[in-house]
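Listed here are the chains, written in short residue letters.
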Amino acid sequence: MSSQKLFSAFFLQLILVILVFGVANGQCLKQDFYKKTCPAAEYIVRKTTAQYILKDPTLAAPLLRMHFHDCFVRGCDGSVLLNSTKKNQAEKDAIPNLSLRGYHVIDAAKTAVEKKCPGVVSCTDILALVARDAVSMINGPYWKVPTGRRDGKVSIALETFTNLPPFFANITLLKSMFGSKGLSVKDLVVLSGGHTIGTSHCSSFTNRLYNFTGKGDTDPSLDPNYVIHLKKKCKAGDVKTLVEMDPGSFKTFDADYYTLVAKRRGLFESDAALLNDAQTRKYVKVQAVSHGRSFGKDFAASMVKMGKIGVLTGKAGEIRKYCAFVNK
């Protein structure tokens, strides 16, 4: 066999190993992973989460987004939780993550779990559990979270720009970015429904109101009457004001987001983009008409799938003692 054929065969085998390894990692997760090593882990996390969410329901949205942002950069490995150092700017300090908050909830849950079972439960699993619990506590679905993730040791701010879908993304870019993580077009439109909770700074969408193409115009895909409404809240150049993404129920997890998108009232260009693809448009309209008949179930399934992206299992990574720092 020629050296070229040998190289080709080796390369194909390497790709196969990488693909199998990636799938196997996700398959290594399982429900009740800590049943023997820390049986009270999920109860402790849920109890701690409740202490914060019941006082401030607005924390649910950034905690959900934190889990999403973690999984899309380096996989679900808790890299979004790490602090920057003198030699490295971490993900949490990158521009796309500056609006994240709720790290104190993760830290509190970790501290409580560590008291009961030191060195057993990863920060990454705690983040996945907190996101689930927070959503379920504001009228959202509850899903079984497969656990067994381990914590990564690397967090690089620049990686957020190439891995996190931007708010100005069109449907082609969205499908490509979700697809690169092993997520389907359905997962894309379902997970976008997470925008049913939370708020956004005006600066994330004011270009749609005042200068969409650089000629002082508005985005034609945005309902003109909604443009008038939003202009009353956000002046050109406003970087401080917060606007509800799902007006009237931004603290409650429901399917109203799809009704807004169907009416061309989604805040972001990425929301409006869902109407530019046959499959995503159909899902938006079905959920809008049926008042989210299958949304809760679909969201739960897509969250489980997302939570398996690029996970570290077995002896890979570590179990951090403190979520913001790698172990010494």
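Predicted model, so just to flag it, every value in this text is computed and none were measured. (Residues numbered from 1 in each chain as written. Predicted model: local features only at pLDDT ≥ 70, side-chain atom pairs only at ≥ 80, totals over all residues. Heavy atoms only, no water.)

### Notes on the overall build of the protein chain
Then step 1. The secondary structure content of the protein chain amounts to 14 helices and 2 strands.
Then step 2. The C-alpha atoms of the protein chain give 21 Å as radius of gyration, which agrees with the globular expectation for 328 residues (20 Å, within 12%).
Then step 3. Expressed along its principal axes, the backbone C-alpha trace of the protein chain runs to roughly 60 × 60 × 45 Å.
Then step 4. Buried positions account for 49% of the 328 residues belonging to the protein chain.
Then step 5. The contacts of the protein chain with a sequence gap of at least 6 include a subset with a gap of at least 24, amounting to 75%.
Then step 6. Of the roughly 16400 Å² of accessible surface on the protein chain, a fraction of 59% belongs to carbon and sulfur atoms. (Helix = DSSP H or I, 4+ residues; strand = E, 2+ residues; numbered from the N terminus. Rg over C-alpha atoms; globule rule 2.2 N^0.38 Å. Buried < 20%, exposed > 50% of the residue type's maximum accessible area, 1.4 Å probe, protein only. Contact = heavy atoms within 4.5 Å. Areas by Shrake-Rupley, 256 points an atom, 1.4 Å probe, with all protein chains shown as cover.)

### Some words on unusual backbone geometry
Then step 1. With a phi angle near 60°, Asp 32 is a residue other than glycine that sits in the positive phi range.
Then step 2. Residue placement: Asp 32 occurs in the loop between helix H1 (3-27) and helix H2 (41-53).
Then step 3. Taking relative accessible area as the criterion, Asp 32 reaches 43% and is therefore assigned partly exposed.
Then step 4. Phi at Arg 74 takes a positive value of approximately 70°, unusual for a residue other than glycine.
Then step 5. Mapped onto the fold, Arg 74 is located in the loop between helix H3 (60-72) and helix H4 (103-116).
Then step 6. Here Arg 74 falls in the partly exposed class, since its relative accessible area comes to 38%.

### Some thoughts on helix H14 (residues 295-306)
Then step 1. Given a rise of 1.5 Å per residue, 12 residues ought to cover 16 Å, and the 16 Å separating the end C-alpha atoms of H14 matches this to within 8%.
Then step 2. Listed as buried for H14 are Phe 295, Asp 298, Phe 299, Ala 300, Ser 302, Met 303, Val 304 and Met 306.
Then step 3. On its buried side, H14 packs onto H3, helix H8 (185-191), helix H11 (256-262) and helix H13 (278-290). (Expected span 1.5 Å × (residues − 1).)

### Here we look at the nonpolar core
Then step 1. Counting residues in each nonpolar core, the largest one holds 70 residues, and the members touching the most others are Leu 63, Met 66, Leu 81, Ile 106, Tyr 258, Phe 299 and Met 306.
Then step 2. In contact with Ile 106, other than residues within four places in its own chain, are Leu 63, Met 66, Leu 81, Ile 126, Leu 127, Val 130 and Cys 323.
Then step 3. Listed in part, the 12 residues of the second largest apolar core include Leu 209, Cys 234, Met 245 and Leu 267. (Core = buried A, V, L, I, M, F, W, Y, C linked by side-chain atoms within 4.5 Å.)

### Quick word on the state of the cysteines
Then step 1. This model, assessed by the stated rule, comprises 4 disulfides.
Then step 2. Sulfur-sulfur distance for the disulfide between Cys 38 and Cys 117 comes to 2.1 Å. Handedness here is read from the sign of the S-S torsion; for Cys 38 and Cys 117, about 80°, the answer is right-handed. Of this pair, Cys 38 sits in the loop between H1 and H2 while Cys 117 sits in the loop between H4 and helix H5 (123-136), and the two are 79 residues apart along the sequence.
Then step 3. Accessibility expressed as a relative area gives 1% for Cys 38, which makes it buried.
Then step 4. Numbered in order of appearance, the disulfide-bonded cysteines of the protein chain are paired 1-4, 2-3, 5-8, 6-7.
Then step 5. Cys 28 forms no disulfide, and the closest cysteine sulfur to it belongs to Cys 76, at a distance of 14 Å. (Disulfide = S-S within 2.5 Å.)

### A word on the side chain of Ser 136
Then step 1. Take Ser 136: it is sitting in helix H5.
Then step 2. Residue contacts for Ser 136: discarding those within four places in its chain leaves Arg 46, Pro 141 and Tyr 142.

### Quick notes on the packing of aromatic side chains
Then step 1. What the rule picks out here adds up to 13 aromatic pairs.
Then step 2. Their ring planes at 40° and their centres at 6.3 Å tell us that Phe 167 and Phe 268 sit as a pair that is tilted. In this pair, Phe 167 sits in the loop between helix H6 (159-163) and helix H7 (171-179) while Phe 268 sits in the loop between H11 and helix H12 (269-272), placing the two residues 101 residues apart along the sequence.
Then step 3. For Phe 268, a relative accessible area of 8% corresponds to the buried category.
Then step 4. Here a set of aromatic residues connected by ring pairs shows up, and it is made of Trp 143, Phe 253, Tyr 257, Tyr 258, Tyr 283, Phe 295 and Phe 299.
Then step 5. The ring of Tyr 103 has Lys 92 lying over it, and the distance from NZ or CZ to the ring centre is 4.2 Å. (Phe/Tyr/Trp six-rings, centres within 6.5 Å; stacked < 30°, edge-to-face > 60°. Lys NZ or Arg CZ within 6 Å of the ring centre and 35° of its normal.)

### Digging into the environment of Val 120
Then step 1. Residue position: Val 120 is located in the loop between H4 and H5.
Then step 2. Residues Val 120 and Lys 47 lie 73 residues apart in sequence; the distance between their C-alpha atoms is 18 Å.
Then step 3. Other than its neighbours up to four places away in sequence, Val 120 contacts Tyr 34, Thr 37, Cys 38, Glu 114 and Ile 319.

### Some words on the pattern of salt bridges
Then step 1. Scanning the model with the defined rule gives 12 salt bridges in all.
Then step 2. Between Arg 132 and Glu 42 there is a salt bridge, with the nearest N and O atoms lying 3.3 Å from each other. Linking Arg 132 in helix H5 with Glu 42 in helix H2, this pair joins segments that are 90 residues apart in sequence.
Then step 3. Put simply, Asp 298 and Lys 186 hold a salt bridge, and the shortest N to O gap is 3.5 Å. Placement of the pair is Asp 298 in helix H14 and Lys 186 in helix H8, with a sequence separation of 112 residues.
Then step 4. Among the residues examined, Asp 298 registers a relative accessible area of 11% and is labelled buried.
Then step 5. The class of Lys 186 is partly exposed, set by a relative accessible area of 38%.
Then step 6. Look at the salt bridges and you will find they share partners, linking Glu 42, Arg 46, Arg 132 and Asp 133 into a network. (Salt bridge = Lys/Arg side-chain N within 4 Å of Asp/Glu carboxyl O.)

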